[in-house]
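What follows is the residue order along each chain.
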Amino acid sequence: MVDYKYAIEIGGANTKIYIRDNGLALCEPTLVAAEPTPQGYKVIGLGQEAKKLMGKTNDSVEVFSPVINGVVKNYEYCIELLTYLFKKVEYRKKKDNVVVLVNCALSREEKQNYLSLFHDVGFREVTLVPTVVCTCLGAGKNISSTKVNMVVNIGGANTDIAVINMNSILKGGTLGIGGRAMDVAISHTIAYNHGIIIGLSSAETLKNEVGSLFVNDTLNMEVTGVDVETKIPKSYIITSSDILPVIEPFFEEIVKAVDVTITSLPPEISTDIINSGVIFAGGVSQIAGLDNFLKRKFRYPFTIADDAENISILGAGKLLEDPALLAKIVENF
Ligand SMILES: Nc1ncnc2c1ncn2[C@@H]1O[C@H](COP(=O)(O)OP(=O)(O)OP(=O)(O)O)[C@@H](O)[C@H]1O
Ligand SMILES: [Mg+2]
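Quick summary incoming for the structure in this document.

Conventions we followed
Residues numbered from 1 in each chain as written. Chains lettered and ligands numbered in written order. Predicted model: local features only at pLDDT ≥ 70, side-chain atom pairs only at ≥ 80, totals over all residues. Heavy atoms only, no water. Pairing = 2+ DSSP bridges. Helix = DSSP H or I, 4+ residues; strand = E, 2+ residues; numbered from the N terminus. Contact = heavy atoms within 4.5 Å. Axes fitted to C-alpha atoms, helices over the stretch in contact; angles between N-to-C directions. Near = heavy atom within 4 Å. Polar contact = N/O pair within 3.5 Å; in protein donor to acceptor, adjacent residues only side chain to side chain. Areas by Shrake-Rupley, 256 points an atom, 1.4 Å probe, with all protein chains shown as cover. Nonpolar A, V, L, I, M, F, W, Y, C, P; charged D, E, K, R; others polar. Domains from an automatic or database assignment. Buried < 20%, exposed > 50% of the residue type's maximum accessible area, 1.4 Å probe, protein only. Arc of directions from axis to C-beta.

## Here's the deal with the sheet that holds strand 15 (residues 220-227)
The strand order across the open sheet built from 3 strands is 14-15-16, with neighbouring strands paired in antiparallel fashion. Two strands lie at the open edges of the sheet, namely strand 14 (196-197) and strand 16 (233-239), each paired on one side alone. In this fold helix 5 (residues 179-194) packs onto strand 14 and strand 16, with an angle of close to 110° to the strand it touches most, strand 16.

Spelled out as structure tokens, the structure:
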């Protein structure tokens, strides 16, 4: 049996690496910063270093993710980013093996692309598993029985909705809603309502620190940007009630999509879900007041996972220690 030491999740926001017997070893933004030179684009920052450059350089520098919606869009930059990150966790080229968490809806060609990518990064054996199955495992669920579980993972780029049993996905789908879309909406609203242009990093900080789904929350934070017209620096105190109307429609849409998914399931399956409760996970499910919001707007029982941002990679960690279960999941994927 192949011995897998590493698991990796290349998320729309963050890339996470787990090392067997060690735990979660790395979490860095899935970002590459590159600048044009006469010889083509040159990488000037990767991961955390690339994120630090966002909005801090001249306009010619581009900071982007080489993986879009779970699909490898820029093979060469992916290799650079992954080699850089795996060197940090001291992988051994041509010796180590890796489990890669991927979107459950990948085509055969996209899967093949992932396999080639990790072989080119230097791994000997590469195996792909669906991220949502790992999310379910991370939440402590038994994924092998006939009993059905449902997970909703609200990440940086997307929201994955999946119904799982017998080591496989009964029904899965992806909504193009995640933390990034909320950050963009927050920055637009602040420009429109308060006349201040802020960067996406500041908008993300506002979402995470001040954003709340409690109706009368009083969290607040001063943000500094530039005046829309004069471009002179300008500060303003943003409160939870400024953020709520911007983010609430996203959560309403997610709830609607989950509801539609459950309604479309045969009764034996939806009954299991109603009995066990829908598991909400992903970084964005850490938003203040989600529990309260779901109690008001979602008609099914639910739980919000602990350590929601890391739950999928932690679930993959369990797989590194259980090769028999890993084999069953791979067989069904
Ligand atoms: N306290 C918080 N409140 C709201 N959002 C948060 C909070 N903490 C982190 N986030 C957001 O969670 C997102 C990252 O979550 P996660 O790591 O699950 O995404 P990902 O796996 O990289 O993306 P995807 O699942 O879409 O591929 C970011 O948008 C981040 O701003
Ligand atoms: Mg994710």
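Additional details are given in the paragraphs that follow.
## Some words on the site of ligand 1
In the vicinity of ligand 1 there are 20 residues, among which Gly12, Ala13, Asn14, Lys16 and Glu204 approach most closely. Backbone polar atom of Ala13 to an oxygen atom of ligand 1: 2.7 Å apart, as the coordinates give it. When the free accessible area of ligand 1 is taken as 660 Å², the share hidden by the protein chains comes to 89%. When residues in the shell around ligand 1 are grouped by element, the largest group, 3 residues, is from helix 6 (residues 200-209). Across the shell around ligand 1, the residue classes tally to 4 nonpolar, 11 polar and 5 charged. Built from parts of two domains, the shell around ligand 1 gets at least three residues from each of domain 1 (6-30 + 65-134 + 312-331) and domain 2 (141-304).

## Examining helix 8 (residues 267-276)
Among the residues of helix 8, Ile269, Ser270, Asp272, Ile273 and Ser276 are the ones counted as buried. Buried residues in helix 8, looked at end-on, bunch into an arc of 155°, giving them a common side. Facing away from the buried surface of helix 8 by more than 90 degrees, the exposed residues are Pro267, Glu268 and Asn275. Those residues of helix 8 that are buried lie in contact with strand 11 (149-154), strand 12 (159-165), strand 13 (168-175), helix 7 (240-263) and strand 17 (278-281). Downstream of helix 8 by one or two residues, Gly277 has phi in the positive range, about 90°.

This is a description of form; function is not addressed.
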